[in-house]
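A structural walkthrough
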Amino acid sequence: MTHGTLPSRRYNRAWLTQRLLNRAPEWTRARRSPVSIAQQLVNPLALEVQETMQALAHERNNAHLATCDLTLPDHAWKVELPGRFEFRKEDDPSSYPYIYPPKVIVEINGENTEITLAEKNNVQTLFYEALPTRIEYANQQLLWDEVIPPTLISDLHSVSPIDLSFEGPIYITVQNNTVWEKQFRAVLYRSKIYLKGKDLFDNPITEVIPIRLNGTYKTRQNWTVLDEIFVAHMDENATITVECLPFTEEEVLDSRTIAIDNDGTEQYQYYQLKNRSWGSTLVGTRFIVGDLDQVRMGLSDKATNLELELLNNDEENIEARAFVLLPWTNYAYVVDNNYFYVYDYSVPFPNIEGLRNDTGDNRISVLFPDNPWMCTRGDEFVIQTKILDLSTIPTHNRWTITFPDGEKYRLDTDGNLWPLSVDGWIYNESFGDGEWKEQRIAFNQVTQTGAYVVEFEGKYLQEDQTFLYRTTKELFFVPAITPETQIPLPAQLWGAKKIGFDMSGQLWFYNGTSLLKTKVFHDYFMADFQDKTIWLREQYRLVKVIP
Amino acid sequence: MAKFSTVSIGFAIKISKIAQIQTAPVRHPIGNRFDLHANTFTLQRLPQESNVDFKKRIMDMTRHPGGPHYTGMINNLARELNAPRQSALTIDLKEGPYGQKLTPNPKVEILADRVVLYSDWKNFDEFVIDKEINIYDPQSEGYFLNDLVIEINTSDCFVAYLDPEVRPNLHSVNLIRGNNFARIVDDLIRNDQLTVLRMKNITEGSVWFSDKDTFLTEVAGKPSSPGEYHVDYDQGHVLSYSVSDGTHRCGYTFTVFPYKVDASLVHIYSLQDVNYKKKLFYQEVLQSEEEINALPNTEGAEVFHQLFEETEVFWGK
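Remember, predicted model here, so these are calculated numbers, not experimental data.

**So, the overall build of chain B**
Secondary structure summary: chain B contains six helices and 18 strands in total. A compact globule built from 317 residues would reach a C-alpha radius of gyration of about 20 Å, whereas chain B, at 31 Å, exceeds it by more than 25%. Sorting the 317 residues of chain B into buried and exposed places 39% on the buried side. Restricting the contact set of chain B to residue pairs at least 6 apart, pairs at least 24 apart contribute 57%. Taken as a whole, chain B presents about 19,500 Å² of accessible surface, with 53% of it coming from carbon and sulfur. Where the 32 positive side-chain charges of chain B centre and where its 43 negative ones centre are 14 Å apart.

Following this line, the structure appears as structure tokens:
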């Protein structure tokens, strides 16, 4: 049995698609509907551009030594094959000459295991895109305590920081603050947090963080010693917590937010875990304004735009306990009691089969105004009409809803489901007056994950007194993701409350009292057929190569 | 003429195909972005050095910069050979029973062959030495670091202690040579009565002012008439009776206490260093009681012999 999982390369919806289509007029289907033809076309192009943007941002960070990625690979292990080693070749002379990759067997924990070839047999898929294959406890633990526990600002003078658990940036979480600035004479003083201590080279440094909103802040500098912390112009009843890893923060900022505009088109994206009655979800929230002054004055807050249901390999819900986002990728590491999951947390592209035979009635728009186009199981979903052409209104209309499992039902305006045998036609009471009353349905039976298709059928009376039928279909989506890989946790790592990366990319588990050091392995190999070398990412005692 | 006949010999060579290879993998370093950053400073990654340690070594360039001078060469060599400077010794001043300074102008010099502690150093011609401790010869009283600390602690005005992480029996010649005083020539005097100078621990009598009208006579107490000024040498404050018109300059010598001395496994000696030369030659005392270098001693002969082997040396003009 081979050891190693290849990425699923699931077809996702790019966040960039909506940004590109926002250039279209507001009333077009191209802009409003995520499954319109235009968005279906742009989506693969946007995925490509997104990857390029992420690579450019990564490279820009690496251009400066202070922000250079410390997890870049700096060594590999190689097995040089002797000159007379022959790879197995394709026997059939009439077929394309093909070289079969060798079998590579290594010793893992005393057992001989065959490891998989990297997905595309190149550096990219061996070092950057490989999924973890196993996770082990690295036999080191640190007693964990916050550098400063959650303290009221009024009590901050009586608390002194303890020693840092390891060197690196410091995370400060501010909660319940309401004072953001003070005016004295003609000068405006902003709320600030001051830190004094020593950096990686024992230089005494001071850092000042101006705070704009309640949340978690990461220092720019790396610290070895924190001597003193004090604040200026903050609410006495606000709470401040200082720690070496961001365990107090409830939300994690994703790593792909590159440009932050001031006009609200580019938004911050935060992630957190949420526990529903049936399992865990990964929730993405964002600011709907670009001006943070509106946020801190209480005029605007974050809005949820995404909730992904987390499933395991058997498509059952999990009870996630902790998660961390892997920087510069779309992967999230999630742990529950016994397993370690790696998810691709991009939004999957829904199954659009149900949109076939849409006769495209462009006189009607079926909108989902409260939630853009995604929903979670158990939530209420609102479906609304918007007639665009009031000169042509239907005499009757009916709603049909197709569930993700393929079952179709008629839907009435109260949100109740009826079998297809029911006629379902609703007469337009105002047809005689030449008017249309917009319909609004609160649908409360979101019980499955997947793509729901809502059909609006309109019956139009023509001049020759015959009826014309036109259908508009819209899709709303209840996303659920399965892991790219699922690895059982060793017993020492069960029951984690939080997990986090430190400055050098080391993964730590927090079980409530201490920090446990872990090592994540990637057991894959790359075969160089020309130079007859096998490249490995991890160190093994013995490697066996069979052609 | 020989006649050749062809003889055919039939045989087959069988080369067995390799069924499997079993071997231990070899570590192979891969260049990454950090190597490019280090290339700016002609640094190279040490064998099996991690990214974090490599980054610290590169950023150390700004903290301990290199150059064609004594400390610059030590910094660069120590960095390349992975023998970084370590904090070794701290020399501070003893306090009197009431917390007062025991000496007006203290100064410490670490030379090639000895450590000199001055209790009162006014300039290169006027000084009073508290203690001189030899460190070069193995029989010297300060040859080992812990012995040097003991010797300094027996002086009148100075106290020393070792860094907790340094080895106590490290040779004292590992200490990086230097002294703890410097001269500033361009501190500014603005139109205030109280001027706070940039540095503290000013050497008495070393302060020079460009505005001779405001700073004419130094007084011990508070100035009471135009032209008088008072200098607080410990705190680096200058109080004048009148105020300077415009911005003027002043210069002074200052010392730094506590004086932190680093140790480095890299030793650099200059053959022009007067103190080092004394160790290479027998000393001859002239009638004027001046000491000059005579013939080279054993160590000196070895040094010069090595030098002649490595490079060409010319005599004469």
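**Some remarks on the overall build of chain A**
The number of helices and strands found in chain A is five helices and 40 strands. For chain A, the spread of C-alpha atoms along the principal axes amounts to about 90 × 85 × 40 Å. Sorting the 547 residues of chain A into buried and exposed places 49% on the buried side. In chain A, the share of contacts with a sequence separation of at least 24, taken over all contacts with a separation of at least 6, comes to 67%. Carbon and sulfur atoms form 48% of the exposed surface of chain A, whose accessible area is close to 27,100 Å².

**Re the side chain of Asn174 of chain B**
Residues and elements named next belong to chain B. Position of Asn174 relative to the elements: it lies in the loop between strand 7 (158-162) and strand 8 (178-179). Judged by relative accessible area, Asn174 falls into the buried class, the value being 9%. Other than its neighbours up to four places away in sequence, Asn174 contacts Asp262, Ala263, Ser264, Leu265 and His267.

**A short note on the packing of aromatic side chains**
Here the structure, examined in full by the defined rule, presents 40 aromatic pairs over all chains. Geometrically, the ring pair formed by Tyr269 of chain B and Tyr276 of chain B is stacked, given 4.5 Å between the ring centres and 15° between the ring planes. When its relative accessible area of 25% is taken as the criterion, Tyr269 of chain B is described as partly exposed. Ring-pair connections join several aromatic residues into one group, and the members of that group are Phe368, Phe381, Phe403, Tyr409, Phe443, Tyr452 and Phe476 of chain A. When the ring centre of Tyr100 of chain A is taken as reference, the NZ or CZ atom of Arg88 of chain A above it lies at 4.3 Å.

**So, the sheet that holds strand 15 (residues 248-255) of chain B**
Residues and elements named next belong to chain B. Pairing within the open sheet is antiparallel, and its three strands lie in the order 9-15-11. Looking at strand neighbours, the two that pair on one side only are strand 9 (181-189) and strand 11 (208-209), the edges of this open sheet. The pairing of strand 9 with strand 15 spans seven bridges and is classified as antiparallel. In the strand pairing of strand 15, Leu188 is matched with Arg249.

**Section: the packing of helix 2 (residues 51-63) of chain B against helix 3 (residues 70-80) of chain B**
All names here are of chain B. Direction vectors running N to C along helix 2 and helix 3 enclose 180°, while the axes themselves pass 11 Å from each other. Looking at the two axes, helix 2 sits roughly antiparallel to helix 3. Contact residues: helix 2 offers Arg57, Asp60 and Met61, while helix 3 offers Asn76, Arg79 and Glu80. Looking at the contact of helix 2 with helix 3 residue by residue, the classes come out as one nonpolar, one polar and four charged.

**Let's talk about unusual backbone geometry**
Looking along the chain, the bond that leaves Phe257 of chain B and enters Pro258 of chain B is cis, with omega of 0°. One can find Pro258 of chain B in the loop between strand 15 and strand 16 (259-263). At Glu315 of chain A, a residue that is not glycine, the phi angle is positive and equals roughly 60°. Tracing the backbone through its elements, the reader meets Glu315 of chain A in the loop between strand 19 (302-310) and strand 20 (322-325).

**Points about the interface of chain A and chain B**
Tallying the contact residues gives 40 residues for chain A and 29 residues for chain B. It is Leu65, Asp74 and Phe201 of chain A in chain A that bury the most area against chain B; as a group they hold 23% of the surface buried on that side. Counting across the interface, chain A meets chain B through three salt bridges. Salt-bridge contacts for Arg33 of chain B lead to Glu59 of chain A; the nearest nitrogen and oxygen are separated by 3.4 Å. Here chain A and chain B share 16 residue pairs in polar contact (both at pLDDT 80 or more) between them. Counting residues per element, the ones that place at least two in the side of chain A that touches chain B are helix 3 (37-62), strand 3 (75-80), strand 39 (533-536) and strand 40 (543-546) of chain A. In terms of residue count, the dominant contributor to the side of chain A that touches chain B is strand 3 of chain A (five residues).

**Some thoughts on the pairing of strand 21 (residues 331-335) of chain A**
Walk down a regular strand and you will see the side chains alternate between the two sheet faces. All names here are of chain A. Where burial is concerned, most of strand 21 is hidden: five out of the five residues are buried. The alternating pattern of strand 21 places Tyr331, Tyr333 and Val335 on one face and Ala332 and Val334 on the opposite face, and all of these are buried. Of the pairings in the sheet, the one linking strand 20 to strand 21 comprises four bridges and is antiparallel in character. Residue pairing for strand 21: Ala322 is matched across the bridge by Val335. In this antiparallel pair of consecutive strands, strand 20 and strand 21, the connection spans five residues, and Trp328 shows a positive phi of 65°.

**What about the sheet that holds strand 17 (residues 269-276) of chain A?**
Residue and element names in this part refer to chain A. Strand order in the open sheet formed by five strands is 16-17-18-19-33, with mixed pairing between adjacent strands. Two strands close off the open sheet at either side, each with one partner strand: strand 16 (252-253) and strand 33 (480-481). With seven bridges joining them, strand 18 (residues 279-287) and strand 19 adopt antiparallel strand pairing. Of the residues in strand 19, the one forming a bridge with Thr281 is Glu309.

**Some details on the pattern of salt bridges**
Where charged atoms from two side chains of opposite charge come close, those side chains can pair. All names here are of chain A. Considering all chains together, one arrives at 32 salt bridges over all chains under this definition. In this structure, the salt-bridge partner of Arg276 is Asp379, at a minimum N-O distance of 3.0 Å. In this pair, Arg276 is assigned in strand 17 and Asp379 in the loop between strand 24 (364-367) and strand 25 (381-387), connecting sequence segments 103 residues apart. Members of the salt-bridge network, linked through shared partners, are Arg9, Glu119 and Glu129.

**Topic: the side chain of Thr90 of chain B**
Tracing the backbone through its elements, the reader meets Thr90 of chain B in strand 3 (residues 86-93). When near neighbours in sequence (up to four residues on either side) are disregarded, Thr90 of chain B contacts Val159, Ala160, Tyr161, Pro258, Tyr259 and Lys260 of chain B.

**Overview of the confidence of the model for chain B**
A residue-level look at chain B finds 98% of positions with pLDDT of 70 or above and a mean pLDDT of 88. Interface scoring of the predicted complex returns ipTM 0.84; its pTM is 0.84.

**Some thoughts on the nonpolar core**
All names here are of chain A. Ranked by size, the top nonpolar core spans 47 residues in total, and within it Ile383, Phe443 and Phe476 carry the most contacts. Top contributing element to this core by residue count: strand 31 (residues 450-461), with six residues. Not counting residues within four places of it along the chain, the set of residues in contact with Phe476 comprises Phe368, Trp373, Cys375, Phe381, Ile401, Phe443, Val446, Gly450, Ala451, Tyr452 and Val454. Among the nonpolar cores identified, the runner-up in size contains 37 residues, and Leu226, Met234, Leu292 and Val295 belong to it.

**Some points on helix 2 of chain B**
All names here are of chain B. With 13 residues, helix 2 ought to run about 18 Å at 1.5 Å a step, and its terminal C-alpha atoms sit 19 Å apart, in line with that. Taken together, the buried positions of helix 2 are occupied by Asn51, Val52, Phe54, Lys55, Arg57, Ile58, Asp60 and Met61. Looking at the buried side of helix 2, the elements it contacts are helix 1 (33-39) and helix 3.

Conventions adopted
Numbering of residues begins from 1 in every chain and follows the order in which that chain's sequence is written. Working convention: letters from A go to chains and numbers from 1 go to ligands, in the order in which they are written. Totals for whole chains, interfaces and linings use all residues, but because this is a predicted model, local features are given only for residues with pLDDT of at least 70 and pairs of side-chain atoms are given and counted only at 80 or more. Only hydrogens and water are set aside; all other atoms, that is, all heavy atoms of the structure, feed into the side-chain values. Runs of H or I in DSSP of at least four residues are treated as helices and runs of E of at least two as strands, each being numbered from the N terminus. With the radius of gyration taken over C-alpha atoms, the globule rule is written as 2.2 Å times the number of residues to the power 0.38. For every residue, the accessible area obtained with a 1.4 Å probe (protein chains only) is divided by the maximum for its type, and the residue is called buried under 20%, exposed over 50%, and partly exposed between those limits. Here, residues are in contact when the closest pair of their heavy atoms is within 4.5 Å. All accessibility values rest on the Shrake-Rupley procedure with a 1.4 Å probe; residue burial counts only the protein chains present in the view. Counting rule for charge: Lys and Arg are taken as positive, Asp and Glu as negative, and neither His nor the chain ends is counted. Just so you know, the charge point we use is NZ for Lys, CZ for Arg, CG for Asp and CD for Glu. Here a Phe, Tyr or Trp ring, Trp counted by its six-membered ring, pairs with any other such ring whose centre lies within 6.5 Å, and the pair is stacked when the planes are under 30 degrees apart, edge-to-face when over 60, and tilted otherwise. For a lysine, the NZ atom is tested; for an arginine, the CZ atom; a charge sits over a ring if that atom is within 6 Å of the ring centre and within 35 degrees of the ring normal. When DSSP finds two or more bridges between a pair of strands, those strands are recorded as paired. As a rule, the C-alpha atoms of each element are fitted with a line to give its axis, helices using only the stretch in contact, and angles between N-to-C directions run from 0 to 180 degrees. Any angle between 65 and 115 degrees counts as roughly perpendicular, while under 35 counts as roughly parallel, over 145 as roughly antiparallel, and the rest as oblique. Amino acids outside the nonpolar list (Ala, Val, Leu, Ile, Met, Phe, Trp, Tyr, Cys, Pro) and the charged list (Asp, Glu, Lys, Arg) are all regarded as polar, and Gly is one of them. Reported buried area values correspond to the accessible surface (1.4 Å probe) lost by two parts on association, with both partners' losses combined. We count a salt bridge whenever a side-chain nitrogen from Lys or Arg sits within 4 Å of a carboxyl oxygen from Asp or Glu. Each polar contact in these results corresponds to two N or O atoms within 3.5 Å; when the atoms are within protein, one needs to be able to donate a hydrogen and the other to accept it, and residues that are neighboring in sequence are counted only if both atoms are side-chain atoms. A residue's pLDDT is the predictor's confidence in that residue, given on a scale from 0 to 100. For the purposes of this section, nonpolar cores are sets of buried Ala, Val, Leu, Ile, Met, Phe, Trp, Tyr and Cys residues that join through side-chain atoms within 4.5 Å. A helix is expected to span 1.5 Å for every residue after the first.

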